[in-house]
Amino acid sequence: QRETFGDTMDKIKVLLAEDHVIVREGTRELIQHEPDMEVIGEASDGEEAIELADKLRPDVVIMDIAMPKLNGIEATKRIKALHPTTAVLILTAYDNDQYIFALVEAGAAGYLLKNVRGHELIDAVRAVYAGESVLYPTVARRILDRLKSPTPTEFQTIESLSGRETEVLKLAAKG
């Protein structure tokens, strides 16, 4: 049934944006074995990723964060601005909050760490292609935690208001 699935439907067109050749080659090999997917281009830096995304119109871009010339965050923003329907799936070694929130804000549909298994990456490509969001479990936990409680800097801002500033803020809230 899997063979006919690949033959009867259009393949998911994937663009790889990764500066490490060995990682790019391994990811390409993994994807090329799937009957419903094909790698249509490979970029070694952020600028090339934008150019190829514009020229080749992939369904999914698998994007690293740390790349030469232009990082994955900025490349994601620009690709999404040019082609809103292109899904960007982040595949990176970095899981700090700064990157996570910047990429979600930039329009990334998924955020995976490079220690995922091959089948998890393949499932994620299919999911973002279908319009779903995919987050590595620890990344999802960070986002949920951030939404539940303000950051320390938010507390510091509130505590550093003068009495008069607090009063004005309360009055503004009341309208």
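Above this note sits the structure.
Here goes a summary of the coordinates provided. (Residues numbered from 1 in each chain as written. Predicted model: local features only at pLDDT ≥ 70, side-chain atom pairs only at ≥ 80, totals over all residues. Heavy atoms only, no water.)

Moving on: the overall build of the protein chain. When you go through the protein chain residue by residue, the secondary structure sums to nine helices and six strands. Per-residue burial over the protein chain gives 38% buried out of 175 residues. Residue pairs at least 24 apart in sequence account for 64% of intrachain contacts in the protein chain once pairs closer than 6 positions are excluded. A total accessible area of about 10300 Å² is found for the protein chain, and carbon and sulfur atoms account for 52% of it. (Helix = DSSP H or I, 4+ residues; strand = E, 2+ residues; numbered from the N terminus. Buried < 20%, exposed > 50% of the residue type's maximum accessible area, 1.4 Å probe, protein only. Contact = heavy atoms within 4.5 Å. Areas by Shrake-Rupley, 256 points an atom, 1.4 Å probe, with all protein chains shown as cover.)

Let us look at the sheet that holds strand β6 (residues 134-135). Read across the open sheet, the six strands follow the order β2-β1-β3-β4-β5-β6; overall the sheet is parallel. Where the open sheet ends on each side, the last strands, each with one partner, are β2 (37-43) and β6. Both strand β1 (residues 12-17) and β2 contribute to a ladder of six bridges, which runs parallel. Within β2, the position partnered with A17 by the bridge is A43. (Pairing = 2+ DSSP bridges.)

This part takes up the pattern of salt bridges. Here the structure, examined in full by the defined rule, presents 10 salt bridges. For R126, the salt bridge is made with E34, and the minimal N-O distance between the two is 2.7 Å. On the criterion of sequence distance, the pair formed by R126 in helix α6 (residues 118-129) and E34 in the loop between α2 (21-32) and β2 is long-range, its members being 92 residues apart. Of the residues examined, R126 reaches a relative accessible area of 22% and is grouped as partly exposed. The residue D45 makes a salt bridge to K69 at a minimum N-O spacing of 3.8 Å. Taken as a pair, D45 in the loop between β2 and α3 (46-56) and K69 in the loop between β3 (60-63) and α4 (72-82) lie far apart in primary sequence, 24 residues in all. By sharing partners, the salt bridges in this structure join E34, D36, D123 and R126 into a single network. (Salt bridge = Lys/Arg side-chain N within 4 Å of Asp/Glu carboxyl O.)

Further remarks concern helix α5 (residues 97-106). Listing the buried residues of α5 in full gives I100, L103 and A106. In a view along the axis of α5, the buried residues occupy a sector of 135°, so they form one face of it. Set apart from the buried face of α5 by more than 90 degrees, the exposed residues are Q98 and E105. (Arc of directions from axis to C-beta.)

Attention now moves to unusual backbone geometry. For residues besides glycine, phi is generally negative; the peptide bonds are generally trans as well. Even without being a glycine, R57 presents a positive backbone phi close to 50°. Structurally, R57 can be placed in the loop between α3 and β3. A positive phi angle is found at K69, which is not glycine, with a value near 70°. Overall, the relative accessible area of 63% leaves K69 in the exposed class.

Before going further, it helps to examine the pairing of strand β4 (residues 87-92). Every other side chain in a regular strand lies on the same face of the sheet, so the side chains alternate between the two faces. Burial of β4 is extensive: six of the six residues sit out of reach of the surface. Every second residue of β4 is oriented toward a common face, with A87, L89 and L91 on one face and V88, I90 and T92 on the other, all of them buried. Where β3 meets β4, four bridges bridge the pair, whose relative direction is parallel. Among the inter-strand pairings, V61 is bridged to a residue of β4, identified as V88. For the crossover from β3 across α4 to β4, the handedness is right-handed. Examined bridge by bridge, β4 and strand β5 (residues 110-113) share four bridges and lie parallel to one another. Each bridged residue has a counterpart across the sheet, and for I90 the counterpart in β5 is Y111. Of the crossover connections in this fold, the one passing from β4 over α5 to the parallel β5 is right-handed. (Right-handed = clockwise from strand over helix to strand, strands pointing away.)

Another aspect to go through is the pairing of β5. Neither face of β5 is open: one carries G110 and L112, the other Y111 and L113, and all of them are buried. In terms of strand pairing, β5 meets β6 through two bridges, oriented parallel. Bridge pairing in β6 links G110 to V134. As for the winding sense of the linkage, the β-α-β connection from β5 through α6 to β6 is left-handed.

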